[in-house]
Amino acid sequence: MDLLFSFFFKYRPLLFSEGELVFRSSWPLVVLLLLAVGGGLLAVTSYRRPKGKAETLDRAIMASLRLGAFAVLLFALLRPTLVNSSTVPQRNFVAVLLDDSRSMTLPGTDGRPRNAFIQDQLGSETGTLLSALEEKFAVRVFRYSASSDRVEVASDLNYDGTRTDLVGALDRVREELSSVPLSGVVVVSDGADNSGKSLGESIVPLQAASVPVFTVGLGEDALEPDIQVGRLSAPRSVLEGTSLLLDVVISQRGFAGRTLPLVVEDEDRILTESEVQFGDDGEPTVTRVRFTLDDVGARRIRLSVPVQEGEQVTQNNQRSIEVEVREDEEKVLYFEGEPRFEVSFLRRALSEDENIQVVVLQRTAEDKFYRINVDDAEELVGGFPRTREDLFKFRALIIGSVEASYFTHDQLAMIADFVSRRGGGLLMLGGRWSFAEGGYGGTPVAEALPVVLGDPALDPHAVFAQVKVRPTVAGLGHVAAQIRPEAEAAAGVWDSLPPLSVMNHITDVKPGATTLLSGAGPRGDQVVLAYQRYGRGKAAALPVVDSWIWQLHADIPVDDPTHETFWQQLLRWLVDGVPEHVDARTEYESVEVGEAARILTELRDSAYVEVNDASVEATLTAPDGSIQVLPMDWTVDQDGEYSATFQPALEGDYEVSVRATRGADEFLGADVVHLRVGPSQEEYFDASLRRSLLERLSAETGGEYYEPEEVGSLAEDIQFTGGGVTLTEERDLWDMPFLFFLLVVFVGGEWAFRRSRGLV
Amino acid sequence: MSRGILLLGLASVVGAVGLADGGSVLVTDEAFLAPGLTASPFTGGPASLQENDGPAYNGQFTYIRIRYGGELRDFSARDFGGRGWGRGGPMWAHDYPDAEINFSKIVNATTFIDAYMGPRGGRVLTLDDPELFNYPIATIIEAGYWTPSDEDIANLRAYLLKGGFLIADDIRDERRFEFDRFFSHMRLVLPEYQFQLVPDDHEIFNTFFSIPEPRSLALPYGRWNTPAPIYLGIFEDNDPVNGRLMVIMNGNQDIQEYWEFSDRGYYPIDLSNEAYKYGINYMIYAFTH
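Quick caveat, the model's predicted, so the values are computed rather than measured. (Residues numbered from 1 in each chain as written. Chains lettered and ligands numbered in written order. Predicted model: local features only at pLDDT ≥ 70, side-chain atom pairs only at ≥ 80, totals over all residues. Heavy atoms only, no water.)

Chemist: What is the right way to look at the domain arrangement of chain A in this model?
Modeler: Size of an interface, as often reported, equals the accessible area lost when the parts are brought together. All names here are of chain A. Once the domains are mapped, chain A shows domain 1 (2-83 + 729-756), domain 2 (89-221 + 688-724), domain 3 (226-326), domain 4 (330-575) and domain 5 (582-682). Measuring from the centre of the C-alpha atoms in domain 3 to the corresponding centre in domain 5 gives 29 Å. Residue-level contacts link 12 residues of domain 3 with 10 residues of domain 5. Between domain 3 and domain 5 the total buried area reaches about 860 Å² when both faces are included, carbon and sulfur atoms providing 36% of it. Contact with domain 5 buries surface across domain 3, with R236, E322 and E324 losing the most and accounting together for 49% of the total. Counting across the interface, domain 3 meets domain 5 through three salt bridges. Here R236 and D583 are joined by a salt bridge, their closest N and O atoms 3.2 Å apart. For the interface between domain 3 and domain 5, the tally reads four residue pairs in polar contact (both at pLDDT 80 or more). Of all the secondary-structure elements, those providing two or more residues to the side of domain 3 that touches domain 5 are β14 (297-304) and β15 (318-326). If one sorts the elements of the side of domain 3 that touches domain 5 by residue count, β15 sits on top with five residues. Its residues assigned to classes, the side of domain 3 that touches domain 5 comprises two nonpolar, two polar and eight charged. (Domains from an automatic or database assignment. Contact = heavy atoms within 4.5 Å. Buried area = accessible area lost by both parts, 1.4 Å probe. Salt bridge = Lys/Arg side-chain N within 4 Å of Asp/Glu carboxyl O. Polar contact = N/O pair within 3.5 Å; in protein donor to acceptor, adjacent residues only side chain to side chain. Helix = DSSP H or I, 4+ residues; strand = E, 2+ residues; numbered from the N terminus. Nonpolar A, V, L, I, M, F, W, Y, C, P; charged D, E, K, R; others polar.)

Chemist: Would you take a moment to explain the layout of surface pockets for this structure?
Modeler: Here the second largest pocket is characterised by a volume of approximately 950 Å³. In terms of lining residues, the second largest pocket is bounded by 33 residues, among which R347(A), S351(A), E236(B), N242(B) and R244(B) are the most central. Those elements giving two or more residues to the lining of the second largest pocket turn out to be α9 (341-350), β17 (356-365) and α17 (562-575) of chain A. The element best represented in the lining of the second largest pocket is α9(A), accounting for five residues. Broken down by class, the residue content of the lining of the second largest pocket amounts to 11 nonpolar, 11 polar and 11 charged. (1 Å grid on protein atoms, 1.4 Å probe; cavity = no way out; pocket = protein on both sides within 12 Å on 5 of 7 lines; lining within 4 Å. Points joined across faces, edges and corners; volume = space filled by probe spheres on them.)

Chemist: Is there a simple way to think about the sheet that holds strand β10 (residues 242-253) of chain A in this case?
Modeler: Strands pair in a sheet through their backbones, by hydrogen bonds, and they do so in one of two ways: parallel or antiparallel. Residue and element names in this part refer to chain A. Strand order in the open sheet made by the three strands is β8-β10-β13, with antiparallel pairing throughout. Among the strands making up the open sheet, the edge pair consists of β8 (226-229) and β13 (285-293). Averaged over all adjacent pairs, the angle separating strand axes in this sheet is 25°, with direction ignored. Pairing geometry for β8 and β10, over four bridges, is antiparallel. Each residue of the ladder has a partner; that of D226, found in β10, is R253. (Pairing = 2+ DSSP bridges. Axes fitted to C-alpha atoms, helices over the stretch in contact; angles between N-to-C directions.)

Chemist: Is there a simple way to explain unusual backbone geometry in this structure?
Modeler: Glycine aside, the phi torsion of most residues is negative, and most peptide linkages are trans. The residue after E224(A), namely P225(A), is reached through a cis peptide bond having omega -5°. Relative to the helices and strands, P225(A) is located in the loop between β7 (213-217) and β8. The residue after Y96(B), namely P97(B), is reached through a cis peptide bond having omega -5°. One non-glycine residue, F435(A), adopts positive backbone phi at about 50°. With respect to the secondary-structure elements, F435(A) resides in the loop between β20 (425-429) and α12 (444-448). For D170(B), which is not a glycine, the phi torsion comes out positive at approximately 55°. By the secondary structure assignment, D170(B) is in strand β4 (residues 165-171). Judged by relative accessible area, D170(B) falls into the buried class, the value being 1%. (Buried < 20%, exposed > 50% of the residue type's maximum accessible area, 1.4 Å probe, protein only.)

Following this line, the structure appears as structure tokens:
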């Protein structure tokens, strides 16, 4: 198409799209106007009188054709000229970014490895693309994977990068070449970026600097045959005995309709195994697996589908997640405003769970409290905590039927802060003094709650109703709404459960909230369990008054685990992921030997206010037992965040113990995380060509996307579209073949028409 | 004001209300029995009677009295209307319904318990009634005269193992058979468990009111040979320290007798107040354990 265009218009479309059309006629304008008017009149008058058999319409057509021919001549006489801005040869720079990651060794479109293109085009001085670029620009070649570096020639690349950080590489190039005229950046890649950074972060500065990015996409749009286990989302740390429910997305091509096993293993122990039936090619299959983590410590959970014959990539058949299994006892405060059976049955449901300590503050009468499971005689002796320090000791807070007016405004704000700032879990139960009926509308607590509080019922007993509880689609797959240890076993149980009672008619959740359980009752559907993220924590609503019915009801067998499982799951979910004062993590779950490993720590004081003036150090215990102490520095970018980087030298598990102090002897807290050091398979996931990402990058910066076979025009394109030092070039268009073609069409057309009408 | 004084005042209120009404609610045949009810063995009870007896489950705490044994002829206006000793009537119905009416008033006035305050103070249910499983606290009166059926035994076992709490009151050993009968029947219900002494310092005597010497409250009546009050219980896992109390037996005691007459002046008001403390403590214990 480009060739055809260039044949008719002398130049490539790019020059027209980037250039400006002007007229450079040396004839005076008056003469041209006279010519135009005179020629036009002549053309029209010459067909004014009837000639031969020509009708009026025929004469009009012939006059128009003659006018057209005259207009073409006039256009040529105007001397149309294309004005382009072009970079000055060898005065500008072009950066070439070459993907140096492992995925570049995978097969490309022609069956050869993807990096073969780089070797051919850029690998030596004789490389076609490199030569074309060097003819016009000063070329700087960079390699990038997890990091980016300048290289002299592309043959220096060894394609063993375990991670691809395109965003970081673009930033690096832009900064390094910020002092020279940069015409453009050429990115040669398969488009994979597993850095987790947003591409937009790089695009905006490039736009601001007017640096276009030209991308060359390598690899196939889809790998076939291939099976890939998708990215998994799991909590970083859980309590011992916690059941995890994971939705595993398995994508495949070439195995449509096949059924294969999905195995979940903890080290060498199989936790669970399920069968996965694939749909059509390219259609992802979502399967839900559930397993319990009983072994304490840093666990590496592996999910895998057996490698099948002929697969293009075998490394992406398995995924691993790193989970820290803790044996702590998490404190949950349950404040119940009226004596009712939720307390006794909830305590009973949690009695076997050694990892959850439910501290009950039972208000029995006006200003009279009964405390259960408190740590000492002083705890909660004055009722509900009055300071953030006292409240923030707990990881989760359950508020039963207690009216909002019981709390001071500061206590209500504290409860909201407990969720948003401390990151705790809040659960409000139904009752005559809960939600709108408890006067929570308009309070900070209502802000945190996931449900919309309507007008309160004047008499909550009057709106008492029993609702049949069912999980929503989201609830079926959510760990907080499980009633059986095994997911399959729960399927038929929901229908058999007795209805629960409500005194708060809640029908709407806030935007962003998720309903996990809903109830069908005489007033229609109602929310039974919903939650939302609120700041650093999560808030949930369970507006039922007697979940204990699921334990005591006549239809429930004595050994039925519904009630226990429900509460254990709900509370474990509520306390999972709740941060402590010192919350340490590693940037990546695993790194390779020699790769930079970054440790990050968020630090907060007893009121969970960020601390920037602490002394923080990380003690690294290598797999061989050797110990290294690293000071951690405040990152400045974010309050309370400290970081340190090291390069592990050994394969295996590194224990990272972080300790924070302030002043001479104020101990702020400690945390331990584990870092797995070993070969990474990250590059083999989503390894097909990410065309959309590369197209977006070029489109938004003013560049172009190229297939490997189209790169012949790349150097010239940069010349006309790139920035840097430019000069103005003018190109005559009066001799375009297209004008001649038009002239022939008009004159020939008129002659042929006259002939057809017997005028010739 | 101490809790005791508060309670004293409230007990007086209960009395005043009762007197102002011309005494407690008198149950008549018309009020209690459905029309056309015929004499029949009273195991399970006529459905119409159960339907009319108290509210359907409504989420509130409702006082539950276990009905057992006896013939329908035992139900008469005379039996229910009669007062005091030797008034006859079915054993399960002793102190009914004034005890629960008065107790519910006290519970509502003294605590934040959302207690049902209907005309009979609660509901009367049989052990084979599935409705029982909507109420985690149940009381059985004159339990020494209770003769359970196999179905009763199975249901009570399920009720207790699932978290129910049974209060056995007005069980006296002066005739040397009431304890034994109750024990033997409970052995059928929970053969793996045994009755044990509820220690004086047990949590149940301190949940709301402090009752430092629980055995000091005298039986409201009795013979020369009635033994001293004793509180026995069945604990989960037979563990009196950490185990939940599933059953408490007010041995040689009749707490509800005090409640029944607390508005009539038969017994000293401070003793009636003490008796209410036991009931409220039992409730708070069951709500929290």
